[in-house]
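# Reading the structure
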Amino acid sequence: MPAPRPGSLGIPRSGKFDVAAFEQAITDLLRACGVEPDAVHTGRTAQRVRELWQRRLLGGYDMDPGEALGEGFQDERDDMVVVRGIAVHGVCPHHLVPFRGVAHVAYVPGGRLHGFGRIARMVDAIGHRFTYQEWMTRDIAEALITHGKAKGAACVIEAEQLCLLLGEDRRGDERVVTQAYTGCFKQDAQYRNEFLRALGGPLP
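Residues numbered from 1 in each chain as written. Predicted model: local features only at pLDDT ≥ 70, side-chain atom pairs only at ≥ 80, totals over all residues. Heavy atoms only, no water.

## Considering the overall build of the chain
A count of helices and strands for the chain gives eight helices and six strands. Taken from N to C terminus, the helices and strands of the chain fall in the order α-α-α-β-β-β-β-α-α-β-α-β-α-α. Each principal axis of the C-alpha atoms in the chain carries an extent, and together these give about 60 × 40 × 30 Å. For the chain, the residues scored as buried account for 41% of the 204 residues in total. Taking all contacts inside the chain whose residues are at least 6 apart in sequence as the whole, residues at least 24 apart take part in 69%. In the structure as shown, the chain presents an accessible area of about 11600 Å², 51% of it carried by carbon and sulfur atoms. Within the chain, one finds 25 positive and 26 negative side-chain charges whose respective centroids are separated by 3 Å. (Helix = DSSP H or I, 4+ residues; strand = E, 2+ residues; numbered from the N terminus. Buried < 20%, exposed > 50% of the residue type's maximum accessible area, 1.4 Å probe, protein only. Contact = heavy atoms within 4.5 Å. Areas by Shrake-Rupley, 256 points an atom, 1.4 Å probe, with all protein chains shown as cover. Lys, Arg positive; Asp, Glu negative; His and termini not counted. Charge placed at Lys NZ, Arg CZ, Asp CG, Glu CD.)

In C-alpha cells form, the structure reads like this:
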C-alpha cells in the first residue's frame with residue numbers, strides 16, 4: 001500500500017460528502033443485487049446506510065484531531081499515562097467493510113496533560129475514515145507528539161478485520177495487532193517495556 005502524504009490522515013477526501021449521490025448509490029446497489037426497494041423492508045435503507053456512513057464510519061473527516069484533543073493543561077509531571085481499551089473502528093478501502101477493535105494508548109507528557117475523554121475523541125477523529133489499521137496506529141501515536149506535545153507516545157491496536165474474517169477458508173476468529181512507537185518510546189526500550197507491562201503482555 002502506498003504511504004499517505006505527509007500530514008494526511010487515512011485516504012484523503014477530495015470533496016464533501018454527497019448525501020443525495022450516496023443514497024442513490026445505495027438504491028442502485030440494492031437493485032444491482034436483484035432487490036427492489038420497497039416500503040416494508042428496504043424503503044429507508046438508503047437513508048439508514050447513509051446516516052451510518054456519514055455520521056459514524058466516516059465522521060472523522062469532519063473532525064480535527066488537534067481540536068478533539070484540545071490544549072490540555074500545563075503540568076510538569078513526566079510520568080507515563082496509559083489509556084487502555086479505547087473502542088476503535090475504521091473502513092478498509094479495499095473491500096469497503098469496517099474493522100473494529102480496541103486501542104491502547106500511552107504518552108509521556110512534555111509539559112501538558114490531556115483529559116482521557118479527549119484522547120478517545122482524538123482517536124475517533126483519526127480512525128473514522130477510509131484507512132488501514134497500520135496507518136491508524138501510527139497516526140494516533142504521532143498525533144500525541146504533534147498536538148499533545150508529548151515526549152513520546154505509543155499505540156497498540158488489536159482489531160477484527162471483516163475483509164479477513166469473511167474471506168474464504170477462514171475460521172472467523174483472526175485478530176490483527178499493530179504497534180507504533182514515537183519519541184522516547186522508540187528510543188528507549190524501557191518505556192516500551194513499561195507500556196507493554198501495563199497492558200499485561202509479554203516484554204519484547
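Having seen the model, we can carry on.
## Observations concerning the environment of G110
The topology assignment puts G110 in the loop between strand 3 (97-108) and strand 4 (112-113). Linking G110 and G148, residues 38 residues apart in sequence, is a C-alpha distance of 8.1 Å. Those residues in contact with G110 that lie beyond four places of it in its chain are K149, A150 and K151.

## So, the layout of surface pockets
Here the second largest pocket is characterised by a volume of approximately 200 Å³. Lining the second largest pocket are R13, K16, F17, D18, F22, W53, L58, L96 and F130. Grouping the constituent residues of the lining of the second largest pocket by class yields six nonpolar, no polar and three charged. (1 Å grid on protein atoms, 1.4 Å probe; cavity = no way out; pocket = protein on both sides within 12 Å on 5 of 7 lines; lining within 4 Å. Points joined across faces, edges and corners; volume = space filled by probe spheres on them. Nonpolar A, V, L, I, M, F, W, Y, C, P; charged D, E, K, R; others polar.)

## Here's the deal with the environment of H128
For H128, the position within the fold is in the loop between helix 4 (116-127) and helix 5 (133-146). Here H128 falls in the buried class, since its relative accessible area comes to 4%. Between the C-alpha atoms of H128 and D28, which are 100 residues apart in sequence, the distance is 25 Å. If we skip the residues at most four places from it in the chain, H128 touches R56, L57, L58, G59, G60, Y61 and H89. Here R56 takes part through its backbone oxygen, which lies 3.4 Å from a polar atom of the side chain of H128. (Polar contact = N/O pair within 3.5 Å; in protein donor to acceptor, adjacent residues only side chain to side chain.)

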